Amino acid sequence: MKNAVPLPAFQDNYIWSWFDGEAAVVVDPGDADVVTAWLEGNGYPLRDILLTHWHPDHTGGVDALRNRYGARVVGPLAEQARLPALDLAVSDGDRVRSGGEDFSVMAIPGHTLGHIAYVGADCVFCGDTLFHTGCGRLFEGEPAQMYDSLARLMALDANTTVYCTHEYTLANLAFARSVEPDDDRLRQVEADAKQRRAENQPTLPTTIGEQKDFNPFLRTDEAALAEAVSGAVGHTVAPGVDTFAALRALKDRS
Ligand code: ZN
Ligand code: FE
């Protein structure tokens, strides 16, 4: 399933959606109206709503969509108390059959403590954990948790398509380039991303392989990046989770 479409919502959210030939699936519908417009415009019924975490920009449309279409709502058991009512509450390692595909649930805490990803069909729906050239803010978790969650995502096949939930790419690239101004790969990626945005195209999805190549939040084990981050923060940080924590804190202040 490499053909999910991004339904833009709010300032910079994407509600990734697909039609399996019989019915549609939507992931993290923060806004019901954009989903309804897409469904009605195409004549699709809605079968499933998959949720990655409890934040309202990912869940605000759930009740309206369920009431209108009777869709099944799947989400993280660990965040059940903060979510709209779930029909299927899932945890790490659980399997979910949805939209003609088999997904496994992966716990990826950090942005929120119960955040999950859906992994299947050579894709990952990773919510607000991994972004193009960035990662999610640590609203609830510790740096080490997010570092481990990103490592779990990095262990997926390099060809895995990554469906991130926000169009943060240009801001993330500006930050990454401020840390590594001489990196030619980032320069090229930024030029491509700027062109896409100028044409009003999404910069997503991306792949695990691409992100491992240039996303600094996935490269914090590299000595050269640790050195660059050390320079930016004004004290020495060791490669690994220390560099990750310093880089994330630097981004929070940027
Ligand atoms: Zn969020
Ligand atoms: Fe979000």
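First things first, this report covers the structure right here in the doc. (Residues numbered from 1 in each chain as written. Chains lettered and ligands numbered in written order. Predicted model: local features only at pLDDT ≥ 70, side-chain atom pairs only at ≥ 80, totals over all residues. Heavy atoms only, no water.)

In this section: the coordination of the zinc ion (ligand 1). Within the protein, H53 (NE2), H55 (ND1), H111 (NE2) and D128 (OD) serve as the donor atoms for the zinc ion (ligand 1), at 2.2 to 2.3 Å. The coordination sphere of the zinc ion (ligand 1) comprises four donor atoms, whose angles at the metal cover 84 to 170°; the geometry is irregular. Within one chain, the residues serving as donors to the zinc ion (ligand 1) are arranged as H-x1-H-x55-H-x16-D. Separating the zinc ion (ligand 1) from the iron ion (ligand 2) is a distance of 3.2 Å, and D128 supplies a donor atom to each of them. Residue H55 is located in the loop between β4 (46-50) and α2 (56-59), and its partner D128 is located in the loop between β10 (123-127) and β11 (130-131); the two are separated by 73 residues in the primary sequence. (Donors = N, O, S within 2.8 Å, 3.2 Å for Na, K, Ca; no water. Tetrahedral: all angles 85-135°; square planar, octahedral: opposite > 155°, others 65-115°. Helix = DSSP H or I, 4+ residues; strand = E, 2+ residues; numbered from the N terminus.)

Below, the discussion takes up the side chain of T169. For T169, the position within the fold is in helix α5 (residues 169-179). The residues contacting T169, other than those within four sequence positions of it, are H132, T133, A193 and T203. (Contact = heavy atoms within 4.5 Å.)

Donor atoms from the polypeptide that bind the iron ion (ligand 2) are D57 (OD), H58 (NE2), D128 (OD) and H166 (NE2), placed at 2.1 to 2.4 Å. Because the angles between the four donor atoms bound to the iron ion (ligand 2) fall within 86 to 165°, the donor set is best described as irregular. Every donor residue of the iron ion (ligand 2) comes from the same chain, spaced as D-H-x69-D-x37-H.

This paragraph deals with the sheet that holds strand β8 (residues 101-107). On the basis of which strands lie adjacent, the open sheet formed by six strands has the order β7-β8-β9-β10-β13-β14 and mixed pairing. The sheet is open, and its two edges are formed by β7 (95-98) and β14 (206-207), each paired on a single side. (Pairing = 2+ DSSP bridges.)

Grouped together as the largest cluster of nonpolar side chains are 45 residues, with contacts concentrated most on Y118, F125, L150 and L153. Of the residues that make up this core, three or more belong to each of domain 1 (5-219) and domain 2 (220-254). Excluding its chain neighbours within four sequence positions, the residues that come into contact with L150 are T129, L130, C135, F217, L218 and F244. Counting 21 residues, the second largest nonpolar core, distinct from the first, contains L46, I49, L51 and V62. (Core = buried A, V, L, I, M, F, W, Y, C linked by side-chain atoms within 4.5 Å. Buried < 20%, exposed > 50% of the residue type's maximum accessible area, 1.4 Å probe, protein only. Domains from an automatic or database assignment.)

What follows deals with the state of the cysteines. Here a disulfide denotes one covalent bond, and it connects the sulfur atoms of two cysteines. Enumeration over the complete set of coordinates arrives at zero disulfides. Free cysteine C123: the closest other cysteine sulfur is in C126, separated by 11 Å. The exposure class assigned to C123 is buried, which follows from its relative accessible area of 1%. No disulfide involves C164; its sulfur sits 4.5 Å from that of C126, the nearest cysteine. (Disulfide = S-S within 2.5 Å.)

Think of two packed helices as two axes; the pair is described by the angle between the axes and how far apart they sit. Orientation of α5 relative to helix α6 (residues 184-198), taken along the N-to-C sense of each, is 155°, at an axis distance of 10 Å. With respect to their mutual orientation, α5 and α6 come out roughly antiparallel. Read as a crossing pair, α5 and α6 show a hand that is left-handed. Listed contacts from α6 to T169, L170, L173, A174, A176 and R177 of α5 are L186, R187, V189, E190, A193, K194 and R197. Tallied by class, residues from the contact of α5 with α6 come to seven nonpolar, one polar and five charged. (Axes fitted to C-alpha atoms, helices over the stretch in contact; angles between N-to-C directions. Parallel < 35°, antiparallel > 145°, perpendicular 65-115°, else oblique. Left-handed = near helix turned anticlockwise from the far one by under 90°. Nonpolar A, V, L, I, M, F, W, Y, C, P; charged D, E, K, R; others polar.)

Everything listed is a geometric property; what it means functionally is a separate question.
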